[in-house]
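# Breakdown of the fold
These are the residues of each chain, in order.
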Amino acid sequence: MQKFDSNGTAGPPGFYAYDPSNTGGVPVARGELTNDPGEEIVVGSGRGGNAFSVFKADGSPIFSGTPFGAAFGGGIEVAVGDVTGNSANEIIVAAGAGGGPHVRVLHADGTAIGNGFFAYGA
């Protein structure tokens, strides 16, 4: 993972969120989750995966999760935002291709808020 500024200039050296042999790309979101200085980076496993991971801005891992279970392999899309209106960000995960339009909202520590919902009909 490499950060770039608005002019396309590369920032400090990046880090690998997953094995470097994964060349398929991964969904990425960022936002304040821990009240530590700087925003955290949330990475979905992308096509074929079943997990998401949260990292500090320097690439240090914080935690990972499998919000749709270990058997799911349709990929995970991610977002960060205040969904509950409590002035704190949550992690939003959505099942990728083949997983149906299932969306789950997670507390900043990765614990689920309810069972989620289906954004569209199955």
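For the structure itself, look to the data block above.
Please read these numbers as outputs of a predicted model, since none were measured by experiment.

### A look at the sheet that holds strand E2 (residues 40-44)
Overall, antiparallel pairing links the 4 strands, which are arranged E1-E2-E3-E4 in an open sheet. Only two strands of the sheet have a single partner each, and these edge strands are strand E1 (28-31) and strand E4 (61-65). Taking each pair of neighbouring strands and ignoring which way they run, the sheet shows an average axis angle of 20°. With 4 bridges connecting them, E2 and strand E3 (residues 52-55) associate as antiparallel partners. Counted as the bridge partner of Gly-44 is Phe-52 from E3.

### Remarks on the side chain of Glu-40
Of note, Glu-40 is situated in strand E2. In this structure, Glu-40 is buried with no salt-bridge partner, the nearest side chain bearing the opposite charge being Lys-56 at 7.6 Å. Setting aside chain neighbours within four positions, we find Glu-40 in contact with Ala-29, Arg-30, Gly-31, Glu-32, Leu-33, Thr-34, Val-54, Phe-55 and Ile-62.

### Some thoughts on the pairing of strand E6 (residues 90-95)
Residues in a regular strand point their side chains to alternate faces of the sheet. Burial analysis of E6 places 5 of its 6 residues in the buried class, the great majority of the element. Looking at chain direction, strand E5 (residues 76-81) and E6 are connected through 6 bridges and run antiparallel. Within E6, the residue paired with Val-80 across the bridge is Ile-91. Judged from the 4 bridges that link them, E6 and strand E7 (residues 102-106) form a sheet pairing that is antiparallel. Within E7, the residue paired with Val-93 across the bridge is Arg-104. In this structure, the hairpin formed by E6 and E7 is closed by a connection of 6 residues, where Gly-98 is found at a positive phi of approximately 85°.

Criteria and thresholds
Residues numbered from 1 in each chain as written. Predicted model: local features only at pLDDT ≥ 70, side-chain atom pairs only at ≥ 80, totals over all residues. Heavy atoms only, no water. Pairing = 2+ DSSP bridges. Helix = DSSP H or I, 4+ residues; strand = E, 2+ residues; numbered from the N terminus. Axes fitted to C-alpha atoms, helices over the stretch in contact; angles between N-to-C directions. Buried < 20%, exposed > 50% of the residue type's maximum accessible area, 1.4 Å probe, protein only. Lys, Arg positive; Asp, Glu negative; His and termini not counted. Salt bridge = Lys/Arg side-chain N within 4 Å of Asp/Glu carboxyl O. Contact = heavy atoms within 4.5 Å.

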